[in-house]
Amino acid sequence: MVHGPEHLTLSQARRAVLHASGLDRPRQARARPAADRALQQVVDRLGLLQVDSVNVLARAHLVPVYSRAGAWDVGALERATARSPRRLVETWAHEASLVTPATFRHLAFKHADNRARVERRGDALHGVPIGRSPEVAAVRRVIHEQGAMTAREVQEELGGSGRRAEAWGWAWTDAKRALEHLFLVGELTTAGRNAQFERRYDLPDRVLPPDVLLAPPLDEAAARRHLVELAARAHGVASVRCLADHWRTAVAPTRTAVAELVAEGVLAPVEVDGWRGPLFRHRDARIPRQARGRALLSPFDPLVWERTRTESLFGLRYRIEIYVPQAARVWGYYVLPFLLGERLVALVDLKADRRAGVLRVPAAHRAPGAGSDVDAGAPPDVEVARELAAELRAVAAWLGLSDVHVGPDVVGDLAAALARELAPAVR
């Protein structure tokens, strides 16, 4: 007898997704900050952490660990990335990301694809000749001879400012452009970062642990299947587009890998109310009876970074607005979705004012769709404000900030309720 795909309600799909992501239950109460194991557990669950330099609240790769593990010792990150044997390295995955050394090797085909793409567009990166160019050769030689170095140190070694009148973006030097090319194609990774958050570029042969270096070469098809399974395990329920986006790989080969994993019984087709398919559920994806988690989510959190998925699952059309002119912003500058139970119920704009020692809230909005007739089970504003206030106090404590401040100019339809909840803590 032939059976069709399993059918899931939207609530069931949400709970499966949240369980897979480690966000379906309250965080463990801790007497002291979680250390190395918590960081590794989150990376093992998600497959990677996207790295971003924006530090309005905290570095983007730090927040997903907090969202799942609670207060943790961020010094664990240096221990994992800057000391041998390294447990995490940087490479180009879902944008620049932290991955395990084993995953770095599974991404070899992506590094090769990146190299081919640069060559197709004229063998240049942001105006600097790449590949066999003298600039890249010189940078490659410096790293080979001297070991881990920042872009600034490499440029000093080469001499001159390395800056061009037509400098792109952040006015990268020639050394930085060449290093970023070598990083993009996997010829370099990082041996950690310095106190200024600068990458310390080095050769994979000097960074990856010996057991990883000695492992046999990987077949591309097998590597793709492995990465797709990692993504599917992290997602619980996902579309091909979701799985491809997790590693920013092409959709067509991802679809082939999905078909192979379905044939092996690793993935199974499912249908979800209101979510256009085809969709697939990992065989280990469990649907808990309820989701009871509470977390603020970085804009770079895997739960929300694929925007179509976020809209399908949670009814939230979410875009980060840090690159949007202030007058055109809808929710604020650095806005985090607030997860309560199985819903994204609020959007809160946050800024860590480290000089004043407070967490500032410029805006607080109820998330569109939460509490509407379509989502009648969503909690009322007073409950959302109470839970959000508690979460903001917890985040502030983790960041070493003494207070949460909602000023008189705060905007948003949740601002007044939140200000009432935080009033005892406002000075």
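The name an unreviewed UniProt entry gives the chain is Winged helix-turn-helix domain-containing protein, with Cellulomonas phragmiteti as the organism.

Engineer: Looking at this structure, how should I read the side chain of Gln50?
Structural biologist: When you line up the elements, Gln50 lands in strand 2 (residues 49–50). For Gln50, a relative accessible area of 8% translates into the label buried.

Engineer: Would you explain the pairing of strand 10 (residues 267–272) in this entry?
Structural biologist: For a regular strand, side-chain orientation follows a simple rule: the groups alternate between the two sheet faces. Where strand 1 (residues 6–8) and strand 10 come together, 3 bridges link them in parallel fashion. Bridge pairing in strand 10 places Leu8 opposite Val272. Bridge count between strand 10 and strand 11 (residues 275–282): 5 bridges; the pairing is antiparallel. Looking at strand 11, one finds that Leu267 is bridged to His282. Counted between consecutive antiparallel strands, the loop separating strand 10 from strand 11 contains 2 residues, among which Gly274 sits at a positive phi close to 80°.

Engineer: What should I look at first to understand the sheet that holds strand 2 in this one?
Structural biologist: In a beta sheet, neighbouring strands pair by backbone hydrogen bonds and run either parallel or antiparallel. In space, the 3 strands of this open sheet follow the order 2-4-3, with antiparallel pairing throughout. In this open sheet, the two edge strands, each paired with only one partner strand, are strand 2 and strand 3 (89–93). Across 2 bridges, the pairing between strand 2 and strand 4 (residues 95–99) is antiparallel. Paired with Gln50 across the strands is Ser97, a residue of strand 4.

Engineer: Quick question: what am I supposed to make of the nonpolar core here?
Structural biologist: Nonpolar side chains tend toward joint burial in soluble globular proteins. One finds Leu39 and Leu392 to be the most contacted residues of the largest nonpolar core, which totals 57 residues. Those elements that place two or more of their residues in this core are helix 2 (36–46), helix 3 (63–69), helix 4 (75–81), strand 13 (335–340), strand 14 (343–353), strand 15 (358–366), helix 16 (381–398) and helix 17 (415–422). With residues up to four places along the chain from it excluded, the contact list for Leu39 reads Leu49, Val65, Trp72, Ala76, Leu77, Ala80 and Leu88. By size, the runner-up hydrophobic cluster in this structure holds 55 residues, among which are Leu8, Val240, Cys242 and Trp331.

Engineer: Could you clarify how one ought to interpret the packing of helix 1 (residues 10–21) against helix 12 (residues 220–235) in this entry?
Structural biologist: Geometry of a packed helix pair, given as the angle between the helix axes and the separation of the axes. Axis separation between helix 1 and helix 12 bottoms out at 6 Å; the angle between their running directions is 115°. The pairing of helix 1 with helix 12 is recorded here as roughly perpendicular in orientation. In this structure, helix 1 uses Val17, Ala20 and Ser21 to contact helix 12, whose residues at the interface are Arg233, Ala234 and His235. Class assignment of the residues belonging to the contact of helix 1 with helix 12 gives a composition of 3 nonpolar, 2 polar and 1 charged.

Engineer: Looking at this model, I keep getting lost on the pairing of strand 8 (residues 199–202). Mind explaining?
Structural biologist: In terms of strand pairing, strand 7 (residues 189–193) meets strand 8 through 3 bridges, oriented antiparallel. By the bridge assignment for strand 8, Thr189 is matched with Asp202. Hairpin geometry of strand 7 and strand 8 is characterised by an intervening segment of 5 residues between the two adjacent antiparallel strands and by a positive phi of about 65° at Phe197.

Engineer: Mind showing me how you'd approach unusual backbone geometry here?
Structural biologist: Along the chain, Ser84 connects to Pro85 via a cis peptide bond; the corresponding omega equals -5°. Here the residue pair Gly277 and Pro278 is connected by a cis peptide bond, since its omega of 0° sits within 30 degrees of zero. Counting through the fold element by element, Pro278 comes out in strand 11. Of note, Glu95 is a non-glycine position whose phi angle comes to about 60°, a positive value. By the element assignment, Glu95 lies in strand 4. We note that Phe197 has phi near 65°; this positive angle belongs to a residue other than glycine. Tracing the sequence through the fold places Phe197 in the loop between strand 7 and strand 8.

Engineer: Please explain the sheet that holds strand 11 as it appears in this structure.
Structural biologist: The strand order across the open sheet built from 4 strands is 1-10-11-9, with neighbouring strands paired in mixed fashion. The two strands at the open ends of the sheet, each matched to only one other strand, are strand 1 and strand 9 (237–239). Sheet twist, expressed as the average angle between the axes of neighbouring strands with direction ignored, equals 45°. With 3 bridges connecting them, strand 9 and strand 11 associate as antiparallel partners. Within the sheet, the bridge partner assigned to Ala238 lies in strand 11 and is Phe280. Here helix 12 sits on the sheet in contact with strand 9, strand 10 and strand 11, set at roughly 105° to strand 11.

Engineer: Help me understand the packing of aromatic side chains in this model?
Structural biologist: Any two aromatic rings considered together are summarised by their centre-to-centre distance and by the angle between their planes. In the structure shown here, the tally under the stated rule is 3 aromatic pairs. Between Trp92 and Phe183, the ring centres sit 6.3 Å apart and the planes meet at 90°, which makes this aromatic pair edge-to-face. With Trp92 in strand 3 and Phe183 in helix 9 (residues 174–184), this residue pair connects regions lying 91 residues apart in the sequence. For Trp92, a relative accessible area of 23% gives the class partly exposed. Look at Phe183 and Tyr201: their rings are 6.4 Å apart centre to centre, the planes differ by 85°, and that puts the pair in the edge-to-face class. Note that Phe183 is positioned in helix 9 and Tyr201 in strand 8, a separation of 18 residues in sequence. Ring pairs connect the aromatic residues Trp92, Phe183 and Tyr201, which therefore count as one cluster. The cationic tip of Arg199 hangs over the ring face of Phe183; the distance from NZ or CZ to the ring centre is 4.2 Å.

Engineer: What is the right way to read the side chain of Asp202 from this model?
Structural biologist: Relative to the assigned elements, Asp202 resides in strand 8. Among the polar contacts listed, one links the side chain of Asp202 to the side chain of Arg206, at a separation of 2.9 Å. Ignoring any residue separated from it by four or fewer positions in sequence, one finds Asp202 in contact with Ile143, Gly147, Ala148, Leu188, Thr189, Thr190, Ala191 and Val207.

Each value, and the rule that gives it
- Residues numbered from 1 in each chain as written.
- Predicted model: local features only at pLDDT ≥ 70, side-chain atom pairs only at ≥ 80, totals over all residues.
- Heavy atoms only, no water.
- Helix = DSSP H or I, 4+ residues; strand = E, 2+ residues; numbered from the N terminus.
- Buried < 20%, exposed > 50% of the residue type's maximum accessible area, 1.4 Å probe, protein only.
- Pairing = 2+ DSSP bridges.
- Core = buried A, V, L, I, M, F, W, Y, C linked by side-chain atoms within 4.5 Å.
- Contact = heavy atoms within 4.5 Å.
- Axes fitted to C-alpha atoms, helices over the stretch in contact; angles between N-to-C directions.
- Parallel < 35°, antiparallel > 145°, perpendicular 65-115°, else oblique.
- Nonpolar A, V, L, I, M, F, W, Y, C, P; charged D, E, K, R; others polar.
- Phe/Tyr/Trp six-rings, centres within 6.5 Å; stacked < 30°, edge-to-face > 60°.
- Lys NZ or Arg CZ within 6 Å of the ring centre and 35° of its normal.
- Polar contact = N/O pair within 3.5 Å; in protein donor to acceptor, adjacent residues only side chain to side chain.

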